[in-house]
Amino acid sequence: MTVMDLQPELWIESNYPQAPWENITLWCRSPSRLSSKFLLLKDKTQMTWIHPSHKTFQVSFLLGALTEFNAGLYRCCYWKETGWSKPSKILELEAPGQLPKPIFWIQAETPPLRGCNVNILCHGWLQDLVFMLFKEGYAEPVDYQVPTGTMAIFSIDNLTPEDEGVYVCRTHIQMLPTLWSEPSNPLKLVVAGLYPKPTLTAHPGPIMAPGESLNLRCQGPIYGMTFALMRVEDLEKSFYHKKTIKNEAYFFFRSLKIQDTGHYLCFYYDGSYRGSLLSDVLKIWVTDTFPKTWLLARPSPVVQMGQNVSLRCQGQVDGVGLALYKKGEDKPLQFLDATSIDDNTSFILNNVTYNDTGIYSCHYLLTWKTSIRMPSHNTVELMVVDKPPKPSLSAWPSTVFKLGKAITLQCRVSHPVLEFSLEWEERETFQKFSEDGDFIISNVDGKGTGTYSCSYRIETQPDIWSHRSEPLKLMGPAGYLTWNYFLNEAIRLSLIMQLVALLLVVLWIRWKCRRLRIREAWLLGTAQGVTMLFIVTALLCCGLCNGVLTEETEILMPTPKPELWAETNFPLAPWKNLTLWCRSPTGSTKEFVLLKDGTGWIATRPATAQVRAAFPLGALTQSHVGSYHCHSWEEMAVSEPSEALELVGTDILPKPVISASPPIRGKELQIQCKGWLAGMGFALYKEGKKEPVRQLGAVGREAFFTIKRMEDKDEGNYSCRTHTAKRPFKWSEPSEPLELVIKEFYPKPTLLAQPGPVVFPGKNVTLRCQGNFQGMRFALLQEGAQVPLQFRSASGNSADFLLHTVGAEDSGNYSCIYYETTMSNRGSYLSMPLMIWVTDTFPKPWLFAEPSSVVPMGQNVTLWCQGPVPGVGYILHKEGGATSMQLWGSTSNDGVFPITNISAASMGRYSCCYHPDWTSSIKIQPSNTLELMVTGLLPKPSLLAQPGPMVAPGENMTLQCQGELPDSTFVLLKKGTQEPLEQQKPSGYRADFWMPAVRGEDSGIYSCVYYLDSAPFAASYHSDSLEVWVTDKPPKPSLSAWPSTMFKLGKDITLQCRGPLPGVEFVLEHDGEEAPQQFSEDGDFVINNAEGKGIGNYSCSYRLQAYPDIWSEPSDPLELVGAAGPLAQECTVGNIVRSTLIVVVVVALGVVLAVEWKKWPRLRTRRSEMDGRDQTIALEECNQEEGEPGTPTNSSSSSSQRFSLELPVPI
């Protein structure tokens, strides 16, 4: 609901009592809050605004001497969280020498009744004026006052008919009794309740179209009265009087306008202004289209046979009946008279049967003729069943389990449901329930796979479950034998087989070359084709294998990280048989997972009784080299990764890890070196020294090197190395360096309050300061105090400070330190401040939604409960909800409540409060109420800006949100703002959101939604976004060319100028031309290159049709290039490259063909000569061809060749 803002107060002060117009100062005061900005308006435009250095209640605007230049109508506003407030009352400054006309009104929420007291207020704008009250018919004032402020209150006690009449108010300065102000506007005082109220009716009806005529009849019981008609929305401009001799009066509207829509009432009075009670309000609609009706089925559109169902028609108009229709039937089934319709009236279908199944709609039932168009109607399909129809069941993200990931089964139906149920066919006793239809299924130990179905029940028949959905089968792996595992192994096997086949083909070709001379071309071609086929297939398999192996892993809900180490049963050569062990610090671990190089899962193992698992690697090879870490799995949770174990090589020990706490001067320091094998020896090195600083024998998997007293000489970079006990000279790689730098201060302590930071007055509270070292002295400090409040010496590492019988003065921020008791007094840093509240009520938290409190259906939203008290729990409560969400032990000041896949069940009013974990009698107050609206349930509205989406700073703007249902509540939203800017509930279909004196920060993207009172928080779709600019000059447009910026022979180029605002006119400018070249409304300009005149730089700009004299900034220049004249050759670098490549390929093919053609006769001759010869010649030629490339011919080779010719080789 919209909160009414109080108007600020505006008055005048002057240091010239006898002539105040000589020096005038206007003062503006906020009624109830501090403000950072104040605005002064003159004649409905901005004059000036003040931004004081600090927030204040009031500011002054110096005008100086009153002249004709600064005379006029003044108002002021102040800045609040949601924008500028409503303006003050109008102060009219006239010419010098005249006092401002006072304002005169009655302070009453209801018409004045006989016997009541009435206060008449007169506001004179100046301090210490004399106020006179005059009544028409009296020469002398009936009352006067001299108040100390700017306003006088005239009281009329025990109101009687004699007090009726017309009153005015005037003022004058005390020192100048002859200088009177102008009289105020007359105020007519009429005593109500003396006559009975009249009846107001509309003829022909209360809903008419624009241009039609209307008669409003006001009828009373007494004749000869004067009747008055007024419109509630504008009492000053729509007040009509009519004197008649009858007991009724007709107020005729010849041609109705949209502005005549509103709420009307009438009364009558006699000659002495004694009046009647007001009539009942009559609502008049002037519209060309009836509002759309909205039919809802309660409790559900799916109803069991024999039950009752009510069809409620929403969006009805006062004074109009309703009719219920069923599709396929001409006559209406039921009627609702206009006098019997209220918020709870519905069409009732009793004892429904199958014959009642169908599509229903409701229409307006008019008893008068009008030209208003009937709108479209939504329909409701009523289903009468013995059981509710079956729902649909789907799986997200898929029906196949992935390792470590769960599947969400979504059971959906189109009508409201009380509860969903999930059944598992493989287990008869399995059953899960859900209110939103979402079921999370995990696949621990392969127990999640199987066939599922779901059903539901509705609120009216909670004992009857619907038909089951179609079965849905979930498939996936159990344990570590995943589908990806089988796929990877199959791909690896296929790749190995193809590589072996490729090797066999190469060996076969080589054997053929040695065994026979290759004389057939098909043999070589076949061998080449088979080789290329295997190569392409192997490459494809490599790509597929790589794609599967690099599947992305998902880490959910981190738990404490486990420990990873290595063990071996070969102390002299540990890499011959290596086993990696992973151990979890929690006892609820179900499974362990080992990863290598962070790229994918290597293996999984179930947890043993010792909450650990072994991963045997066997003999360490080059394929095992890499960085390993492990995770521990719990129920739907995975731990943080362990420390990385890096296997460097087959003969090198893994690199250890070194760590240490911050070093303190003069204190002991331990440096931890962690290895990966049991029974290791350790050595500590310092940068700059060749020999180790210290060495330790076989002490296990980790060692601690102690520095008794840290001094400056101990600073530097340290590293450590490990070796096995059996091979003391075989060292590991050094660890990463650790830099030790002595700090002059100890680490800051932690300050806690027991039992809690919020304390009831008169109770005790203990502040515990927890340090890091023992034997220190502790001090407690309070913010604002010059010296510590208390000191404590402790043998341990903490000290307790007791605050006894605390009071309001003990509230504030506390901190503590600790320091040495030696001469150095070296101390720690200050602890984080701890706020202590001494109160009987917890501070109020603040609840807000992120990203917004208006959320589309199906999206996620996070509710933040934020307060100043850290370390407490929070409770989130929904109005009307049976249960609350709890968040325990928050370590920050925020409570986070995520709501996923938001639905209609999530909308409503929310609040939160603290839930401390200590017992206390302190009251807990709830936070602000947050209205969570879900959009997408009603048709979307439209959003327009008047006078346009672009305005200059200081001007006023109105955003109009037009809906489709009457009497809706409209909400204005801005992108980047979590809460709605404003809410309105107008009487019609449109809400006007007024934005006075806009500034640069008002620029942005706006949208709006609306919802009905009968279905609160079930909002419409978002309107289309409207971008608003607050600037003196429109933003520059963009300019692009299509199809390119280069002219082609005989073709034109289209320049496209685009701007961010609608309703504009574009202009294109060409460098070198003084006048603009072309104008366009769509921003498209066609440029030709006749005689080379189209080449050059172009830019464009635009102007709004509402502001034709204001042009935008020009766009960035765009250069068009190309050749001039008809004989220009179209040649680009790409074309030259492509043409050259084609020529080279053709020439190369020609050379190859020529060489082959030249060889062909010689090959044929050689083939004929070889017929019938011994195969030794073929062997000789084969050996000659093998020895030709790059080998010089000598006598030894020649003799060997001749010897080979003499060997007989059988064919």
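Just so it is clear, the model here is predicted, and its values are computed rather than measured.

**Here we look at the overall build of the protein**
Now for step 1: When you go through the protein residue by residue, the secondary structure sums to five helices and 86 strands.
Now for step 2: Out of the 1211 residues belonging to the protein, those deemed buried represent 41%.
Now for step 3: Taking the intrachain contacts of the protein between residues at least 6 apart in sequence as the baseline, contacts between residues at least 24 apart amount to 64%.
Now for step 4: A total of about 65600 Å² of accessible surface is found on the protein, and carbon and sulfur atoms cover 55% of it.

**Let's talk about the environment of Gln790**
Now for step 1: Tracing the backbone shows Gln790 in strand S59 (residues 790-793).
Now for step 2: On the accessibility criterion, Gln790 (17% relative accessible area) is buried.
Now for step 3: A C-alpha to C-alpha distance of 9.7 Å links Gln790 and Leu803, two positions 13 residues apart in sequence.
Now for step 4: Excluding residues that lie within four positions of it along the chain, Gln790 makes contacts with Phe778, Ala779, Leu780, Phe801, Leu802 and Leu803.
Now for step 5: Of the polar contacts made by the side chain of Gln790, one reaches the side chain of Arg792; its length is 3.1 Å.

**Regarding the pattern of salt bridges**
Now for step 1: Scanning the entire structure with this criterion turns up 21 salt bridges.
Now for step 2: Residues Glu879 and Arg909 are paired through a salt bridge, measuring 3.7 Å at the closest nitrogen-oxygen approach. Of this pair, Glu879 sits in the loop between strand S66 (873-878) and strand S67 (884-887) while Arg909 sits in strand S69 (residues 908-915), and the two are 30 residues apart along the sequence.
Now for step 3: Overall, the relative accessible area of 28% leaves Arg909 in the partly exposed class.
Now for step 4: In this structure, Lys1036 engages Asp1116 in a salt bridge whose closest nitrogen and oxygen atoms are separated by 2.9 Å. Taken together, the residues span a long stretch of sequence, with Lys1036 in the loop between strand S79 (1026-1030) and strand S80 (1038-1042) and Asp1116 in the loop between strand S85 (1096-1104) and strand S86 (1118-1120) at a distance of 80 residues.
Now for step 5: Note on Asp1116: relative accessible area 48%, which makes it partly exposed.
Now for step 6: Residues participating in the shared-partner salt-bridge network are Lys37, Arg999 and Glu1001.

**Looking at the sheet that holds strand S32 (residues 380-385)**
Now for step 1: With mixed pairing, the five strands of this open sheet are ordered in space as S26-S32-S31-S28-S29. Two strands bound the open sheet, and with one partner strand each, they are strand S26 (302-304) and strand S29 (334-336). This sheet shows a mean twist of 30° between the axes of neighbouring strands, independent of strand direction.
Now for step 2: Where strand S28 (residues 321-326) meets strand S31 (residues 358-365), six bridges bridge the pair, whose relative direction is antiparallel. Bridge pairing in S31 places Lys326 opposite Tyr360.

**Comments concerning the side chain of Gln983**
Now for step 1: Secondary-structure assignment places Gln983 in strand S75 (residues 982-984).
Now for step 2: Overall, the relative accessible area of 13% leaves Gln983 in the buried class.
Now for step 3: A polar contact of 3.5 Å, which involves the side chain of Gln983, links it to the side chain of Tyr1011.

**Overview of the pairing of S85**
Now for step 1: With seven of nine residues buried, S85 is to be regarded as a mostly interior element.
Now for step 2: As paired elements, strand S82 (residues 1064-1070) and S85 share seven bridges and run antiparallel to each other. Bridging across to S85, Leu1068 finds its partner in Cys1100.
Now for step 3: The pairing of S85 with S86 spans three bridges and is antiparallel. When the bridges of S86 are listed, Tyr1098 appears paired with Leu1118.

**Some points on the sheet that holds strand S39 (residues 472-474)**
Now for step 1: Taken in spatial order, the four strands line up as S36-S35-S38-S39 in an open sheet, and their pairing is antiparallel. Only two strands of the sheet have a single partner each, and these edge strands are strand S36 (427-434) and S39. Neighbour-to-neighbour, the strand axes of this sheet turn through a mean angle of 30°, independent of strand direction.
Now for step 2: Here five bridges tie strand S35 (residues 419-424) to S36, and the two strands are oriented antiparallel to one another. Residue pairing in the sheet places Trp424 in a bridge with Arg427 of S36.

**Here we look at the confidence of the model for the protein**
Now for step 1: Looking at the protein as a whole, its pLDDT mean stands at 76, while 78% of the residues score no less than 70.
Now for step 2: Taken element by element, the protein is modelled with least confidence in helix H5 (residues 1195-1205), mean pLDDT 38, and with most confidence in strand S19 (residues 214-219), mean pLDDT 92.
Now for step 3: Ignoring residues within four places in sequence, the model shows residues 478-483, a span with pLDDT below 50, making 14 contacts including any to other chains.
Now for step 4: Residue range residues 1124-1133 is modelled with pLDDT below 50. Its contacts to residues more than four positions away, or to other chains, number 10 contacts.

**Looking at the side chain of Ser466**
Now for step 1: Locating Ser466 in the fold gives a position in the loop between strand S38 (450-457) and S39.
Now for step 2: Discounting residues that sit within four places of it in the chain, Ser466 has contacts with Pro388, Pro389, Pro391, Ser455 and Tyr456.

**Brief notes about the state of the cysteines**
Now for step 1: Inspection of the entire model under this criterion finds 11 disulfides.
Now for step 2: A disulfide bridge connects Cys582 with Cys630, and the sulfur atoms are separated by 2.1 Å. One quick way to see it: the torsion about the S-S bond of Cys582 and Cys630 is about 75°, and its sign makes the bridge right-handed. Placement of Cys582 in strand S41 (residues 578-583) and of Cys630 in strand S45 (residues 626-634) is noted, with a sequence separation of 48 residues between them.
Now for step 3: Since its relative accessible area comes to 0%, Cys582 is described here as buried.
Now for step 4: Of the residues examined, Cys630 reaches a relative accessible area of 0% and is grouped as buried.
Now for step 5: Residue Cys77 stays outside any disulfide, its sulfur separated by 6.6 Å from that of Cys76, the closest cysteine.
Now for step 6: With a relative accessible area of 1%, Cys77 lands in the buried category.
Now for step 7: Cys913 carries a free sulfur, and the closest cysteine sulfur to it, the one in Cys912, is 6.9 Å from it.

Calculation criteria
Residues numbered from 1 in each chain as written. Predicted model: local features only at pLDDT ≥ 70, side-chain atom pairs only at ≥ 80, totals over all residues. Heavy atoms only, no water. Helix = DSSP H or I, 4+ residues; strand = E, 2+ residues; numbered from the N terminus. Buried < 20%, exposed > 50% of the residue type's maximum accessible area, 1.4 Å probe, protein only. Contact = heavy atoms within 4.5 Å. Areas by Shrake-Rupley, 256 points an atom, 1.4 Å probe, with all protein chains shown as cover. Polar contact = N/O pair within 3.5 Å; in protein donor to acceptor, adjacent residues only side chain to side chain. Salt bridge = Lys/Arg side-chain N within 4 Å of Asp/Glu carboxyl O. Pairing = 2+ DSSP bridges. Axes fitted to C-alpha atoms, helices over the stretch in contact; angles between N-to-C directions. pLDDT = per-residue confidence, 0-100. Disulfide = S-S within 2.5 Å.

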